Amino acid sequence: MFRTIRFRLTLWYVLVSGSLLILFSLYLYSLIAADLRAQFDRSLLRAAEATAAFFEETAEQTREVSASAQETVRELRLPGAAMAIFQEDVLLASSSPSLSRDVLTASRSEMAARGHEPRIADIKGGRARLARRRLQIEGNNYSVILVEELSGLSAQLQSLRRAFYFGFPSALALAALGGFFLVKKSLAPVVAISEQAEHISVKNLSERLTVRDNDELGRLAGVLNALLSRLDASFKIMGDFMADASHELRTPLGVIRSSAEVTLSRDRTVHEYKEALKAIEQQSIRATSLVNDMLALAMADSGERPLRFEELYLDDLVEECCRAHHPLARRKSIHLSSEIARDIQMNGDPALLKSLVSNLVDNAIAYTPEGGSVSVRFFAEASNVRLIVSDTGVGIPSECIERVFDRFYRIEASRSRNNGGSGLGLAMVKLIAESHKGSVELVSERGYGSTFTVLLPLKA
Ligand SMILES: Nc1ncnc2c1ncn2[C@@H]1O[C@H](COP(=O)(O)OP(=O)(O)O)[C@@H](O)[C@H]1O
Ligand SMILES: [Mg+2]
């Protein structure tokens, strides 16, 4: 539960919105508090101004300063605020007797601290505010002082704080709830995808995930589907390959077994034993070459055999291959001719290129009847080399041209098998050409012969 993305996202959401809420509340609170305080000060100052004006007017009318001060205090007494009038340091009138000393010391120290006329200041350790208005009447200095407790303001601020204290957890709970549902809703497709994917195994690789929308998750499902398709195709190829391979191996193994069984069923002459062993040898050679071909293909597929590229003279390689095939051609009375341009240096894997040339020449001889001819031509072009192996053999029907490069594909399986072919030769040729960034082309007509053209870049 605590490890789920849903939980973690909700937690982050609550943390972020909680911090924002706290910051915003603090900002709002300080703004309101400052505003209330400024309002409080303004009205206290206005009251001090009005008091001073009243005092001045009364004093000028009656010419009795002390009495005027008493009258001012009596007349203008404000609820919640205390008032005092001084002539220099002497108290003329005060609305509350305890006030005079406090006020005197506070206003003195304020004056000393600020130097100039302090109009408004904190007293009683910040629990009250003092406003002071100075005036001159007939050359004498007077101060009108008003003091108001901050308790009203504090109560207002406290109720504001209380509103925040109660509002904050509820807002946070709502945010958590909203966040949870939001996250749950947006993760629902992921949950659906993983539930569907859980049910897909090798047995039902053809199933696909449902792509709902064209958003990020829809694209994810699409990408997974493409991956499934590729896996499906690879599994099919692998399965086919296994089936074909076992089918191919069954023939030589069956022949070996039956030869051995039949021969061992009773005593034989030395000649008969020799014949049986010869047949067994032949079939084992076939099986071995089949297994070797399969291994080479499997290794090339998996990239297990790294390509060993080097600078080589391809003309030497082609020449050597033709020479090696001469005895075979002669045995079948096939005229094997070659036309090889000299000194063609290129970059490639010699073992693989040898196998490519020999596979093509092998096929040409194998699928050309006695008395036919096979020609090998090799020359360089601007940035390519071109190898052309053509024969006057049985040819390949046009509908099979596409497929002859497939693994285990043979046009006439039985005839080809008698030639010792496994159906892997041309697949190897294609793979080798492509691993050298080249290509193979085939032009053929049934009954008239075939021409295989391999194009390889000089610098692979
Ligand atoms: N030069 C050719 N002339 C006619 N048919 C050919 C030639 N080369 C290949 N083929 C056909 O293509 C099939 C595939 O060739 P390949 O992959 O070399 O397998 P195989 O082991 O049968 O030789 C062969 O079975 C054969 O029928
Ligand atoms: Mg072959």
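Residues numbered from 1 in each chain as written. Chains lettered and ligands numbered in written order. Predicted model: local features only at pLDDT ≥ 70, side-chain atom pairs only at ≥ 80, totals over all residues.

**Overview of helix α8 (residues 350–366)**
- The terminal C-alpha atoms of α8 lie 24 Å apart, and with 17 residues this matches the ideal 24 Å at 1.5 Å per residue to within 8%.
- Counting buried positions over the 17 residues of α8 gives 12, a clear majority of the element.
- When α8 is considered as a whole, its buried residues turn out to be Leu 352, Leu 353, Ser 355, Leu 356, Val 357, Asn 359, Leu 360, Val 361, Asn 363, Ala 364, Ile 365 and Ala 366.
- In this fold, the buried residues of α8 make contact with α7 (314–331), β8 (345–348), β9 (373–380), β10 (384–391), α10 (425–435) and β12 (449–457). (Helix = DSSP H or I, 4+ residues; strand = E, 2+ residues; numbered from the N terminus. Expected span 1.5 Å × (residues − 1). Buried ≥ 20, exposed ≤ 12 C-beta atoms within 10 Å, placed from the backbone. Contact = placed C-beta atoms within 7 Å.)

**Comments concerning the sheet that holds strand β3 (residues 120–123)**
- Judged by pairing direction, the sheet is antiparallel, and its five strands sit side by side in the order β2-β1-β5-β4-β3 without closing on themselves. Where the open sheet ends on each side, the last strands, each with one partner, are β2 (90–94) and β3. With direction set aside, neighbouring strand axes in the sheet form an average angle of 30°.
- In this sheet, strand β4 (residues 128–137) lies alongside β3 in antiparallel orientation, the contact comprising four bridges. (Pairing = 2+ DSSP bridges. Axes fitted to C-alpha atoms, helices over the stretch in contact; angles between N-to-C directions.)

**Re the sheet that holds β12**
- Pairing within the open sheet is mixed, and its five strands lie in the order β7-β9-β10-β12-β11. Both outer strands of the open sheet, β7 (335–340) and β11 (439–445), are each paired with one neighbouring strand and no more. Strand after strand, the sheet turns through a mean of 10° between neighbouring axes, direction not considered.
- Looking at chain direction, β9 and β10 are connected through seven bridges and run antiparallel. Looking across to β10, one finds that Arg 377 is bridged to Ile 388.
- Along the sheet, α7 makes contact with β7, β9 and β10, crossing β7 at roughly 170°.
- Across the sheet, α10 touches β11 and β12, and the angle it forms with β11 is around 140°.

**With respect to the environment of Gly 254**
- Within the secondary structure layout, Gly 254 lies in helix α5 (residues 216–264).
- Judged by local crowding, Gly 254 falls into the exposed class, with 11 C-beta atoms found within 10 Å.
- Residues Gly 254 and Gln 283, 29 residues apart in the sequence, show an inter-C-alpha distance of 9.2 Å.

**Quick notes on the site of ligand 1**
- What surrounds ligand 1 is a group of 22 residues, the closest being Asn 363, Arg 410, Gly 421, Gly 425 and Leu 426.
- Taken together, the residues that form the shell around ligand 1 break down as 10 nonpolar, 10 polar and two charged. (Near = placed C-beta within 6 Å. Nonpolar A, V, L, I, M, F, W, Y, C, P; charged D, E, K, R; others polar.)

**Some words on the domain arrangement of the protein**
- Domain annotation of the protein identifies domain 1 (5–155), domain 2 (216–300) and domain 3 (307–457).
- Here the C-alpha centre of domain 3 lies 24 Å away from the C-alpha centre of domain 2.
- Residue-level contacts link 12 residues of domain 2 with 10 residues of domain 3.
- Ranked by residues supplied to the side of domain 2 that touches domain 3, first place goes to helix α6 (residues 270–302) with eight residues.
- Partitioned by chemical class, the residues of the side of domain 2 that touches domain 3 number six nonpolar, two polar and four charged. (Domains from an automatic or database assignment.)

**Points about unusual backbone geometry**
- One non-glycine residue, Arg 63, adopts positive backbone phi at about 60°.
- As for its position among the elements, Arg 63 is in the loop between α1 (5–62) and α2 (65–75).
- Taking the C-beta count within 10 Å as the criterion, Arg 63 has 11 such neighbours and is therefore assigned exposed.
- Look at Asp 343: it is not a glycine, yet its phi comes out positive at around 50°.
- As for its position among the elements, Asp 343 is in the loop between β7 and β8.

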